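# Chains, contacts and geometry: an overview
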Amino acid sequence: MKQFWNTLKRYAPWLILLLIIDSFSSLLLWLSSVQAFASLVVTIALASLVLFSVIVLVLYFKEQHKRAIFRDFLMEPDEVNTEKLLSAVSQQEREQLQVLVSVLEKKQSRIQETEEALRDYEEYVEGWAHEAKTPLSLLTMILDNRADEIPPPLHAKLDYVRSQLQEDITQMLYYARLGSSTKDYRFETVELRDAIEEVLEDYAPLLEEKQFLIENRLQDETVYTDRRGFQFMIGQIISNSIKYSGAEPKLTVSLKHTGEMDILTIADNGIGVKNYDLPYIFQKGFTGDSTDSRKKATGMGLYLTKKMADDLNLKIEAESRWGEGVTISIAFPKVK
């Protein structure tokens, strides 16, 4: 209806001119013969109304057709839609649109080149990450099989480096995975305790380095989710706790049930997050208050955790008090 009134306003001068001509013709008829005017006045009025309505409707549908062609052109400015658009407008509009078409073609060409370059870059980064797993696996094998030949202090340092590299590569691969148009998630029943203990084992060198006390209060509870994606989230949360740990660090894992949700909580007693930083900790690149620990942070861990939670239809929240640690809650919807 709004578009109809806009069309009416646009062609109002022409319609007013038509009304003036019609009124002038009626005046001439009245001057020439009052009786003829009296007998034809109703017919003239109805004819004028019908003509007026037909013109307005024709103009309205013509505008709608032109709008539809223009929308198709904007969605896909190819040769076919360009020809349709140019044939649907006047000569004056055609000259202006040809300039617009030229600009859009250049923009589209640049976008395609940028997309191709980005795809090449993503493929290179993913390829590098997969290739880096080979020497990392070799390092793991040496540390496992030749542990008695390596001095304990050196073994601990190499194991620490291996764990840190593994985390960085995993984060890189999941960043690429989350940005991909295709997802390969496999939803299944996951035993929480076993899944989290696997992650804790992967981070054991880093946890031992900081002398963490782990309190796992989970029993035999299960949730329905993608195991790999869930373990990636847990790994990023644990990594965050390690980076920002305080004296006598402690990590507590527990689960509580509500009517519609199973809520997993992972709490640490680290340096925590200041109140004004807390709403932004899941944003990309956010590192918060520039303490010594956060100066080396990338701000990607919790961002990727939130992205993964959204992909898996999980709700994630954080609570913290400065100097008292952070509690991350992950809510799993109950599936029948």
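Rules used in this analysis
- Residues numbered from 1 in each chain as written.
- Predicted model: local features only at pLDDT ≥ 70, side-chain atom pairs only at ≥ 80, totals over all residues.
- Heavy atoms only, no water.
- Pairing = 2+ DSSP bridges.
- Helix = DSSP H or I, 4+ residues; strand = E, 2+ residues; numbered from the N terminus.
- Axes fitted to C-alpha atoms, helices over the stretch in contact; angles between N-to-C directions.
- Buried < 20%, exposed > 50% of the residue type's maximum accessible area, 1.4 Å probe, protein only.
- Contact = heavy atoms within 4.5 Å.
- Core = buried A, V, L, I, M, F, W, Y, C linked by side-chain atoms within 4.5 Å.
- Salt bridge = Lys/Arg side-chain N within 4 Å of Asp/Glu carboxyl O.
- Phe/Tyr/Trp six-rings, centres within 6.5 Å; stacked < 30°, edge-to-face > 60°.
- Patch = residues over 30% accessible without salt bridge, like charges linked within 9 Å, V, L, I, M, F, W, Y side chains within 5 Å.
- Areas by Shrake-Rupley, 256 points an atom, 1.4 Å probe, with all protein chains shown as cover.
- Lys, Arg positive; Asp, Glu negative; His and termini not counted.
- Charge placed at Lys NZ, Arg CZ, Asp CG, Glu CD.
- Parallel < 35°, antiparallel > 145°, perpendicular 65-115°, else oblique.
- Left-handed = near helix turned anticlockwise from the far one by under 90°.
- Nonpolar A, V, L, I, M, F, W, Y, C, P; charged D, E, K, R; others polar.

## Comments concerning the sheet that holds strand 2 (residues 213–216)
Taken together, five strands build an open sheet; the order of strands is 2-4-5-7-6 and the sheet is mixed. Because the sheet does not close on itself, it has two edges, and the strands there are strand 2 and strand 6 (315–321). Adjacent strand axes in the sheet meet at a mean angle of 15 degrees, parallel and antiparallel pairs treated alike. With seven bridges connecting them, strand 5 (residues 261–268) and strand 7 (residues 325–333) associate as antiparallel partners. When the sheet's bridge partners are listed, Ala-267 is paired in strand 7 with Thr-327.

## Details of the side chain of Thr-225
One can find Thr-225 in strand 3 (residues 222–226). The buried category is assigned to Thr-225, whose relative accessible area is 0%. For Thr-225, the contacting residues outside a window of four places in its chain are Arg-186, Phe-187, Glu-188, Val-190, Phe-230, Leu-312, Leu-314 and Phe-332.

## Re the nonpolar core
Membership of the largest hydrophobic core comes to 45 residues, with the highest contact counts inside it found for Ile-234, Ile-238, Leu-264 and Ile-330. Top element by residues in this core is helix 9 (residues 227–243). It accounts for seven residues. Counting residues in each nonpolar core, the second largest holds seven residues, with Phe-73, Leu-86, Leu-97 and Val-101 among its members.

## Details of the pairing of strand 7
Moving residue by residue along a regular strand, the side chains alternate between the two faces of the sheet. Most of strand 7 sits inside the fold, with seven of its nine residues counted as buried. Pairing of strand 6 with strand 7, which is carried by seven bridges, proceeds in the antiparallel orientation. Within strand 7, the residue paired with Glu-317 across the bridge is Ser-329. Hairpin connection between strand 6 and strand 7: a loop of three residues separates the two successive antiparallel strands, and Gly-323 in this loop has a positive phi of roughly 85 degrees.

## Section: the environment of Asp-144
Within the fold, Asp-144 resides in helix 5 (residues 91–145). Judged by its relative accessible area of 57%, Asp-144 is exposed. Considering only alpha carbons, one finds Asp-144 and Asp-159, 15 residues apart in sequence, at a separation of 9.7 Å.

## Re the pairing of strand 4 (residues 250–257)
Both strand 2 and strand 4 contribute to a ladder of four bridges, which runs parallel. Pairing of Asn-216 across the sheet is with Val-253, part of strand 4. As judged from the seven bridges shared by strand 4 and strand 5, these two strands associate in the antiparallel manner. When the bridges of strand 5 are listed, Leu-255 appears paired with Leu-264. The hairpin formed by strand 4 and strand 5 contains three residues between the paired strands.

## Points about helix 11 (residues 301–311)
Buried within helix 11 are the following residues: Gly-301, Leu-302, Tyr-303, Leu-304, Thr-305, Met-308 and Ala-309. The elements touched by buried residues of helix 11 are helix 6 (152–179), helix 9 and strand 6. Following helix 11 by one or two positions, Asn-313 has its phi on the positive side, about 60 degrees.

## Some details on the environment of Gln-211
Its place among the elements puts Gln-211 in the loop between helix 8 (204–210) and strand 2. When the C-alpha atoms of Gln-211 and Pro-249 are compared, they prove to be 6.9 Å apart, with 38 residues separating the residues in sequence.

## Some details on the pattern of salt bridges
Should their charged atoms come close, side chains of opposite charge can pair. Applying the stated criterion to the full structure yields ten salt bridges. Salt-bridge contacts for Arg-162 lead to Asp-159; the nearest nitrogen and oxygen are separated by 3.0 Å. Placement of the pair is Arg-162 and Asp-159 together in helix 6, with a separation of three residues, close to one helical turn. Exposure class is identical for Arg-162 and Asp-159. Each is buried.

## Quick word on the packing of aromatic side chains
Given two aromatic rings, one states the distance between the centres and the angle between the planes to describe the pair. Using the criterion set out here, one finds four aromatic pairs in the structure. Ring centres of Tyr-174 and Phe-232 lie 4.1 Å apart, and the angle between their planes is 15 degrees; this geometry places the pair in the stacked category. One end of the pair, Tyr-174, is in helix 6; the other, Phe-232, is in helix 9, and 58 residues separate them in sequence. Of the two residues, Tyr-174 and Phe-232, neither departs from the other in class, the shared state being buried.

## Points about a negative patch on the surface
Taken together, Glu-113, Glu-115, Glu-116, Asp-120, Glu-122, Glu-123 and Glu-126 make up a surface patch of like negative charges. Checked against the element boundaries, Asp-120 lands in helix 5.

## Some points on the packing of helix 7 (residues 192–202) against helix 9
Two elements in contact, helix 7 and helix 9, have axes separated by 9 Å at closest approach and are oriented at 50 degrees. Regarding the angle of helix 7 to helix 9, the classification is oblique. For the crossing formed where helix 7 meets helix 9, the hand is right-handed. On helix 9, the residues touching Leu-192, Asp-194, Ala-195, Ile-196, Glu-198, Val-199 and Leu-200 of helix 7 are Arg-227, Phe-230, Gln-231, Ile-234, Gly-235 and Ile-238. Looking at the contact of helix 7 with helix 9 residue by residue, the classes come out as eight nonpolar, two polar and three charged.

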